2 protein chains.
Amino acid sequence: MQLLVVPDSFKESLSAKEVADAIARGIHSVDPEITVKQLPFSDGGEGALDLLQNLFEGELVTTSTINAMGRSIKAPYFRFADRKAAWIELSQASGLAQIEVDKRNPMLASTYGTGLQIRHALDHGAEEIYLGIGGSATNDGGTGILSALGGLFSDAEGEMLLPGGGFLTELDHIDVEAIPQFQLKVACDVNNPLLGKQGATAVYGPQKGATPETEPQLEAGLANFSKHIELLTQKSVAEVPGAGAAGGCAAGLHGLLGAELVSGFELLAELSQLEEQIAASDLIITAEGRIDGQSLEGKLPVGVAKLAKKHDKPVVVLAGSIGEHLDPLYALGIDAVFSIQSKPCTLEESISNAAELLESTAQRVFKLYQTAKK
Amino acid sequence: MQLLVVPDSFKESLSAKEVADAIARGIHSVDPEITVKQLPFSDGGEGALDLLQNLFEGELVTTSTINAMGRSIKAPYFRFADRKAAWIELSQASGLAQIEVDKRNPMLASTYGTGLQIRHALDHGAEEIYLGIGGSATNDGGTGILSALGGLFSDAEGEMLLPGGGFLTELDHIDVEAIPQFQLKVACDVNNPLLGKQGATAVYGPQKGATPETEPQLEAGLANFSKHIELLTQKSVAEVPGAGAAGGCAAGLHGLLGAELVSGFELLAELSQLEEQIAASDLIITAEGRIDGQSLEGKLPVGVAKLAKKHDKPVVVLAGSIGEHLDPLYALGIDAVFSIQSKPCTLEESISNAAELLESTAQRVFKLYQTAKK
C-alpha cells in the first residue's frame, strides 16, 4: 500500500512540511512499513520558496537586485537541480512587504528588480521561468520586468519612460525584440481583469499606496499599455482573467512574452507530477487549516480531489476546523473529512497542539481505513 | 452491508436511544439503503428500565409495594413479551433515591419491597427474574427479598427477625424451603466482597446512613448472616466478588437461591443476543461520552469490542471526548476511535450540539469506511 500525503500549511501554526510530518507519524504509528510519500504543498499563495525546497531538488540563489522603489537589496529565487528552470517570486524583490507603508507609491514602483532576478536565472542556464506573482508593490503592468530583460518603453518623443505605473499614460512605443526567448509560466491566483472596477488598480491599488488622486492616472496608464500591446501583437489582454494580477504584470507578460497564466496549484501540481503521484497511490491524505462547503475556490484539497477523481482514488481531508455543508466537497471527489480535535478545546489549544492532534487524527483515520480494507 | 449501532448514553446530554438515532441518521445520510440495526445499550448502570423498553418487546408493570423504610409506594418493573421473564430494578422499590437523606437508616431498611415485586412477577407467569442491583438503601443481605418470597429468618428463640440489617446479629436460623423455584440472575457491577474494608458496610454503608455507631453492628450482622448461609448450604459467600453489592443482597441471593452474579453488560448482552448480532454485522459502531486507555473497567465499548474480536468484526467508537493512550483499547479489539468535535468548541457547546456532532461524525466515519471498502 502506498499513501500520498499532500497537505497545505496550517496558518498560524504549522508549515506544510510540519503538517505532512505529523500525518506521516500518525500513519507510521499504525504500521511502520507503510510507504508514505510526502508532498508538502500549497494552494499557490505566498511562501512558495520554502515549499519548493521541500518538494524539489534544487537550491536558493540569492542575488543583488532592487526593490520596487529602487533601493538595492538581496533577494532569493529557487533554481531546480533536475531541470533548466527557476522559480522566482515577484514578492521577493518587488513585494509590498519590502516597502514601508509610508514609502509605498505605485506611481513610481517598478518590477524591475524581479526582472533582474529573471535575467540572472536565464544567464545561469535557466530556459524556463516560473514566476509566482502575489504581494506586489507595483502597478507597472510588468514593464519593469520587461525592461530589465531588454524591453524598451518610450513616449511619443522616443524618450524611454521612467519606471513606475505613473508614466504609462505617456507610452507610445513598445520594443521587446531584444528580450531573449524563454518559457514563462506565471502562477496567478486571482481572476481580476486588467481594468475597471474589478481591475488591478481599483482592487489592489489602495493597499499599494494608490490615492483617489493617483488612481485615475494609474488606471489610464494600464489602459494605454493594453492598447499598445494590442497594436503591437493584435492580442487583447485587458479581459483575460487574471490579467490584473500584480498590478497588470500578468497582462504585460502574457501579452508581450506569451506567458502562460496558470494557477499556483496547477503549476506546482505539474512540476511535482502530482497527478502521476496520485495515480500511483492507494489513498491520498490532504489537509487544510479550515474547510467548508462554501469557500472552495483555490483550496488545496479541492485541487487534489479533482485530480484524484480522474483516477478514482480516495481522498481524505484532515482539517483544523470543519464548517457547514460539506456536500459540495463530496461532489468534487473528497471522500471524507475529519477535524483534528479529540475533545472540546479552545482555538488556542487546537493551534498550539496542532501537530500532536494531526498525528493522532491521522492515526485514527488510517486505523479505520486499514480496518475497512481487511 | 449490515451495521450494528450499540451506543451507551452520553451523560448529561443524550440517552443511548438518542445517540443511536443520531449515528443512524449520519450513516443513512451517506447511504439510505444501509441496514442499520440499533441497540441502544448501557454499561449496566442505572436507568435500565428505559433501556429495556428500547431493546426488548415488553411492558412496564407498576405494582403496589413498599420502599426500603416500609412506606407504601408504586414501583415499575419490566415484563418481557417474548419470554417468561421480568427485569426488576432493586433501586425502584428499595433505592436510596426513594428515601430522604435524614430518613435513611440501614439498621431498619429492607429489600422487602423488591421481594414483593419479584413475587408479583412470578405470580404473573415469570419463570426467570433478572435483578438489577445498584443504588440500594439497604444493608440487609437481601433478607427482605427472601422474606417476601417466603423465607423465614429467626433468632435463637425461634422469633422472626424484624426487617433491616440491624437485626442480623440475632439471626440463628434460616428456612428458605417455601421459596418457589425460579431462575435468578443478578446484574451487579461492583466486585466488593461481603465483609471487611472493601465490604458492603464499610464502602457503601455511610451513603445509606450508617454511622460510626451503627457500622460495627451492621458488619457483625452480615458476618453472622454469612456464617448461617454456610451452615445451611455449605457455601461460603463472603469472599465471592460482588457479594457485597447492594448491602449484601448479592451474597444472600447467591447463597440461598443460587442466583448467578453477572455484570449488567453481560446480562443485557445475553438477553439482546448481542454476540449473535455482532457476528451477523459487517461493522459495529459503539459510542461513549468519554473514552481513554486507562479506565476500561465496565466501559461499554470494551465489552462490545471483546465480543467483536471473537468474531473478527471491526469496531469503531465515537466519543464525546478522547483521553490519552488508546493503545490498550486497540489491543482489546477496538479498531478506531473518533471524537465528535468538528472544530474548537467549549464543553457546553459540545454537549448541547452532541446529537448533531454525532450525526456528522458518523457520516464522516462511514464515508471513509465505505470508501476504503470499495
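Residues numbered from 1 in each chain as written. Chains lettered and ligands numbered in written order. Predicted model: local features only at pLDDT ≥ 70, side-chain atom pairs only at ≥ 80, totals over all residues. Heavy atoms only, no water.

So, the overall build of chain A
Step number 1: Scanning chain A for helices and strands turns up 14 helices and 13 strands.
Step number 2: For chain A, the C-alpha radius of gyration of 22 Å lies close to 21 Å, the compact-globule estimate for 374 residues.
Step number 3: Principal axes of the C-alpha set define a box for chain A whose edges measure 80 × 45 × 35 Å.
Step number 4: A buried classification covers 55% of the 374 residues belonging to chain A. (Helix = DSSP H or I, 4+ residues; strand = E, 2+ residues; numbered from the N terminus. Rg over C-alpha atoms; globule rule 2.2 N^0.38 Å. Buried < 20%, exposed > 50% of the residue type's maximum accessible area, 1.4 Å probe, protein only.)

Quick notes on the domain arrangement of chain A
Residues and elements named next belong to chain A.
Step number 1: Under the domain assignment, chain A is made up of domain 1 (2–41 + 273–373) and domain 2 (48–264).
Step number 2: Of note, the centres of domain 1 and domain 2, computed from C-alpha atoms alone, are 35 Å apart.
Step number 3: Taken together, the contact pairs six residues of domain 1 with four residues of domain 2.
Step number 4: The contact between domain 1 and domain 2 buries some 410 Å² in all, and 68% of this surface belongs to carbon and sulfur atoms.
Step number 5: Together, Lys17, Pro40 and Phe41 form the three largest contributors to the area buried by domain 1 at its contact with domain 2, with a combined 73%.
Step number 6: The interface formed by domain 1 and domain 2 holds zero residue pairs in polar contact (both at pLDDT 80 or more) in total.
Step number 7: Class assignment for the residues of the side of domain 1 that touches domain 2 results in four nonpolar, no polar and two charged. (Domains from an automatic or database assignment. Contact = heavy atoms within 4.5 Å. Buried area = accessible area lost by both parts, 1.4 Å probe. Polar contact = N/O pair within 3.5 Å; in protein donor to acceptor, adjacent residues only side chain to side chain. Nonpolar A, V, L, I, M, F, W, Y, C, P; charged D, E, K, R; others polar.)

Re the sheet that holds strand β10 (residues 260–262) of chain A
Residues and elements named next belong to chain A.
Step number 1: Taken in spatial order, the six strands of this open sheet run β3-β4-β5-β6-β9-β10, and their pairing is mixed. Because the sheet does not close on itself, it has two edges, and the strands there are β3 (58–66) and β10. Taken over all neighbouring pairs, the strand axes of this sheet differ in orientation by 25° on average, direction set aside.
Step number 2: In the sheet, β3 pairs with strand β4 (residues 72–80) via nine bridges, with the strands oriented antiparallel. When the sheet's bridge partners are listed, threonine 63 is paired in β4 with alanine 75.
Step number 3: Lying on the sheet, helix α8 (residues 245–257) is in contact with β6 (128–132), β9 (183–187) and β10; it crosses β9 at an angle near 155°.
Step number 4: Here helix α9 (residues 264–271) sits on the sheet and contacts β4, β5 (85–89), β6, β9 and β10; the angle it forms with β9, its principal contact strand, is near 130°. (Pairing = 2+ DSSP bridges. Axes fitted to C-alpha atoms, helices over the stretch in contact; angles between N-to-C directions.)

Let's talk about helix α2 (residues 48–55) of chain B
Residue and element names in this part refer to chain B.
Step number 1: Within the sequence span of α2, burial applies to Ala48, Leu49, Leu51, Leu52 and Leu55. End-on, the buried residues of α2 take up no more than an arc of 160°, which puts them together on one face.
Step number 2: Contacts from the buried residues of α2 go to α1 (16–30), β3 (58–66), β4 (72–80), β5 (85–89), α3 (90–94) and α9 (264–271). (Arc of directions from axis to C-beta.)

Observations concerning the interface of chain A and chain B
Step number 1: Taken residue by residue, the interface counts 31 residues in chain A and 31 residues in chain B.
Step number 2: The largest share of the area that chain A buries against chain B comes from Pro344, Arg364 and Leu368 of chain A, three residues that together contribute 22% of it.
Step number 3: Applying the counting criterion to the chain A and chain B interface returns zero salt bridges.
Step number 4: Linking chain A with chain B are eleven residue pairs in polar contact (both at pLDDT 80 or more).
Step number 5: Contributing elements (two or more residues each) for the side of chain A that touches chain B: β12 (315–322), β13 (336–339), α13 (347–352) and α14 (354–373) of chain A.
Step number 6: Take the side of chain A that touches chain B: its biggest share by element is nine residues, from α14 of chain A.
Step number 7: A breakdown of the residues in the side of chain A that touches chain B according to their chemical character gives 15 nonpolar, nine polar and seven charged. (Salt bridge = Lys/Arg side-chain N within 4 Å of Asp/Glu carboxyl O.)

What about the sheet that holds strand β2 (residues 35–38) of chain B?
Step number 1: Spatially, β2-β1-β11-β12-β13 (chain B) is the arrangement adopted by the five strands of the open sheet, whose pairing is parallel. With partners counted over all chains shown, the strands left at the sheet margins are β2 and β13 (336–339) of chain B, one partner each. Across the sheet, the mean angle separating the axes of adjacent strands is 25° when strand polarity is ignored.
Step number 2: Relative to β2 of chain B, strand β1 (residues 2–7) of chain B is paired through four bridges, and the arrangement is parallel. Bridge pairing in β2 of chain B links glutamine 2 of chain B to threonine 35 of chain B.
Step number 3: Strand contacts of α14 of chain A: β12 (315–322) and β13 of chain B, with the helix running at about 135° to β13 of chain B, the strand carrying the most contacts.
Step number 4: Along the sheet, helix α11 (residues 300–310) of chain B contacts β1, β11 (283–291) and β12 of chain B; its crossing angle with β11 of chain B, the most-contacted strand, is approximately 155°.

Here's the deal with unusual backbone geometry
Step number 1: Backbone geometry places alanine 246 of chain A, a non-glycine residue, at a positive phi of 50°.
Step number 2: The residue alanine 246 of chain A is located in helix α8 in this model.
Step number 3: The exposure class of alanine 246 of chain A is buried, given its relative accessible area of 10%.
Step number 4: For histidine 325 of chain B, which is not glycine, the phi dihedral falls at a positive 55°.

A short note on the environment of aspartate 292 of chain B
All names here are of chain B.
Step number 1: Within the element layout of this structure, aspartate 292 appears in the loop between β11 and α11.
Step number 2: Distance from aspartate 292 to isoleucine 133, taken between C-alpha atoms, is 27 Å for residues 159 residues apart in sequence.
Step number 3: Not counting residues within four places of it along the chain, the set of residues in contact with aspartate 292 comprises Gly323, Glu324, Leu326 and Leu329.
Step number 4: Polar contacts involving the side chain of aspartate 292 include one to the side chain of arginine 290, which spans 3.3 Å.

As for helix α14 (residues 354–373) of chain B
Step number 1: Its 20 residues give α14 of chain B an end-to-end C-alpha distance of 28 Å, which sits within 8% of 28 Å, the value for a rise of 1.5 Å per residue.
Step number 2: Burial analysis of α14 of chain B places 14 of its 20 residues in the buried class, which makes it a mostly covered element. (Expected span 1.5 Å × (residues − 1).)

Considerations on the packing of aromatic side chains
Step number 1: All told, the structure shown has 15 aromatic pairs over all chains when counted by the stated rule.
Step number 2: Summarising the aromatic geometry, the rings of phenylalanine 153 of chain A and phenylalanine 225 of chain A are spaced 6.3 Å apart at their centres and angled 65° between planes, so their arrangement reads as edge-to-face. Taken together, the residues phenylalanine 153 of chain A in strand β7 (residues 152–154) and phenylalanine 225 of chain A in helix α7 (residues 215–233) connect sequence positions 72 residues apart.
Step number 3: Their ring planes at 85° and their centres at 5.7 Å tell us that phenylalanine 80 of chain B and tyrosine 130 of chain B sit as a pair that is edge-to-face. Of this pair, phenylalanine 80 of chain B sits in strand β4 while tyrosine 130 of chain B sits in strand β6 (residues 128–132), and the two are 50 residues apart along the sequence. (Phe/Tyr/Trp six-rings, centres within 6.5 Å; stacked < 30°, edge-to-face > 60°.)

Observations concerning the relation of the copies chain A and chain B
In this structure, two copies of a chain are linked by a rotation about an axis accompanied by a shift along it.
Step number 1: Overlaying chain A with chain B gives an RMSD of 0.1 Å, the required rotation being 180° about an axis along which the chain moves by 0.2 Å. Viewed as a symmetry operation, the transformation between the two copies matches a two-fold axis.
Step number 2: Mapped onto chain B, 100% of the interface residues of chain A again fall at the interface, so both copies present the same surface. (Least-squares fit on C-alpha atoms with pLDDT ≥ 70 in both.)

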